[in-house]
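Spelled out, the chains give:
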Amino acid sequence: MTVSRAQFAALYEQHLPAVSGYLRRRVARDDVDDLAADVFAVAWRKRDAVAPGEELPWLYRIAGYLVANHRRRLAARASVLGWFAVPDSAPAADAALDGDPALAAAWASLSATEREVLALVVLDDLAVAEAAVALGVSPNAVSVRLHRAKKSLAAALGASRDSDVA
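Residues numbered from 1 in each chain as written. Predicted model: local features only at pLDDT ≥ 70, side-chain atom pairs only at ≥ 80, totals over all residues. Heavy atoms only, no water.

Trainee: Which residues make up the overall build of the chain, and what values do they have?
Mentor: Of the regular secondary structure elements, the chain holds eight helices and zero strands. Along the chain direction, N to C, the helices and strands of the chain fall in the order α-α-α-α-α-α-α-α. Looking at the chain as a whole, 36% of its 166 residues qualify as buried. Taking the contacts inside the chain whose residues are at least 6 apart along the sequence as the reference set, 64% of them involve residues at least 24 apart. Accessible surface, the chain as shown: approximately 9600 Å² in total, 55% of it carbon and sulfur. (Helix = DSSP H or I, 4+ residues; strand = E, 2+ residues; numbered from the N terminus. Buried < 20%, exposed > 50% of the residue type's maximum accessible area, 1.4 Å probe, protein only. Contact = heavy atoms within 4.5 Å. Areas by Shrake-Rupley, 256 points an atom, 1.4 Å probe, with all protein chains shown as cover.)

Given below as structure tokens:
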């Protein structure tokens with residue numbers, strides 16, 4: 001699909017808040033604006049690769065790659081300098097769970113893959129098909145991952161409740 005400047009500007013205005021929210025849940029607040037700009041710079045260069053109707057999940061996929069690269073740079077800087085800890089996971093997602101310690105502990109017990117699929121579908125409000133585009137897998141794979149993640153989260157919450165009762 002060929003995208004004109006005007007269409008891309010509309011895409012930017014429409015999806016910048018969602019992309020920024022996605023990034024806020026995954027990186028430090030100070031890095032959100034720079035990474036959001038990078039997402040749209042990459043999107044502009046690759047604008048002919050997006051399928052109509054899949055713009056937001058496509059932007060999330062680009063953002064996911066940029067977040068991974070950002071974390072690798074932070075880890076490399078930390079290992080070279082030895083002064084910084086490598087960031088573990090999406091800071092805002094964990095912060096959103098601070099009000100419920102049992103839920104925060106259950107969230108922390110999930111694998112990174114489980115947290116990512118739950119974050120895309122629940123926190124970012126993507127449909128399974130859109131999450132599939134963002135993750136670069138089939139919708140069926142997302143459905144399976146989502147089911148397993150929900151099951152793991154429920155089991156972790158159940159274990160937490162059982163330990164609270166005992």
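Trainee: Explain the nonpolar core to me, and be specific about the residues and the numbers.
Mentor: Residues Leu 23 and Val 39 are the most contacted members of the largest nonpolar core, which totals 41 residues. Mapped onto this core, the elements with two or more residues apiece are helix 1 (5-24), helix 2 (29-45), helix 3 (55-81), helix 5 (101-109), helix 6 (112-123), helix 7 (128-135) and helix 8 (139-165). Here the element with the most residues in this core is helix 3; it accounts for eight residues. (Core = buried A, V, L, I, M, F, W, Y, C linked by side-chain atoms within 4.5 Å.)

Trainee: I'd like a description of the pattern of salt bridges, backed by residues and values.
Mentor: Under the counting rule described, the total for this entry stands at three salt bridges. Arg 26 is the salt-bridge partner of Glu 116, the closest N and O atoms lying 3.5 Å from each other. Linking Glu 116 in helix 6 with Arg 26 in the loop between helix 1 and helix 2, this pair joins segments that are 90 residues apart in sequence. On the basis of relative accessibility, which here comes to 6%, the residue Arg 26 falls in the buried class. Notably, a salt bridge pairs Asp 124 with Arg 26, separated by 3.2 Å at the nearest N-O pair. Of this pair, Asp 124 sits in the loop between helix 6 and helix 7 while Arg 26 sits in the loop between helix 1 and helix 2; the two residues are 98 residues apart in sequence, bridging distant segments of the chain. Beyond isolated ion pairs, a larger network of salt bridges with shared partners links Arg 25, Arg 26, Glu 116 and Asp 124. (Salt bridge = Lys/Arg side-chain N within 4 Å of Asp/Glu carboxyl O.)

Trainee: Quick one: what's the story with unusual backbone geometry, residue by residue and with numbers?
Mentor: Despite not being glycine, Asp 125 shows a phi value in the positive range, around 60°. With respect to the helices and strands, Asp 125 occurs in the loop between helix 6 and helix 7. For Asp 125, a relative accessible area of 64% corresponds to the exposed category.

Trainee: Help me get a handle on helix 7, residues and values and all.
Mentor: Within the span of helix 7, buried status applies to Ala 131, Ala 132, Val 133 and Ala 134. Following helix 7 by one or two positions, Gly 136 has its phi on the positive side, about 75°.

Trainee: Residues and numbers for the packing of helix 1 against helix 2, please.
Mentor: One can describe the packing of helix 1 onto helix 2 by two numbers: an axis separation of 10 Å at closest approach and a directional angle of 140°. Of the possible angle classes, the one that applies to helix 1 and helix 2 is oblique. Here the hand of the crossing between helix 1 and helix 2 comes out right-handed. Judged by residue contacts, Arg 5, Phe 8, Leu 11, Tyr 12, His 15, Leu 16, Val 19, Ser 20, Leu 23 and Arg 24 of helix 1 engage Val 32, Leu 35, Ala 36, Val 39, Phe 40, Ala 43 and Trp 44 from helix 2. Split by residue class, the contact of helix 1 with helix 2 holds 13 nonpolar, two polar and two charged. (Axes fitted to C-alpha atoms, helices over the stretch in contact; angles between N-to-C directions. Parallel < 35°, antiparallel > 145°, perpendicular 65-115°, else oblique. Left-handed = near helix turned anticlockwise from the far one by under 90°. Nonpolar A, V, L, I, M, F, W, Y, C, P; charged D, E, K, R; others polar.)

Trainee: Describe the side chain of Asp 124, listing the residues and the values that go with them.
Mentor: For Asp 124, a relative accessible area of 8% translates into the label buried. Side-chain polar atoms of Asp 124 contact the side chain of Arg 26, separated by 3.2 Å. Those residues in contact with Asp 124 that sit more than four places away from it in its chain are Tyr 22, Arg 25, Arg 26, Tyr 60 and Ala 119. (Polar contact = N/O pair within 3.5 Å; in protein donor to acceptor, adjacent residues only side chain to side chain.)

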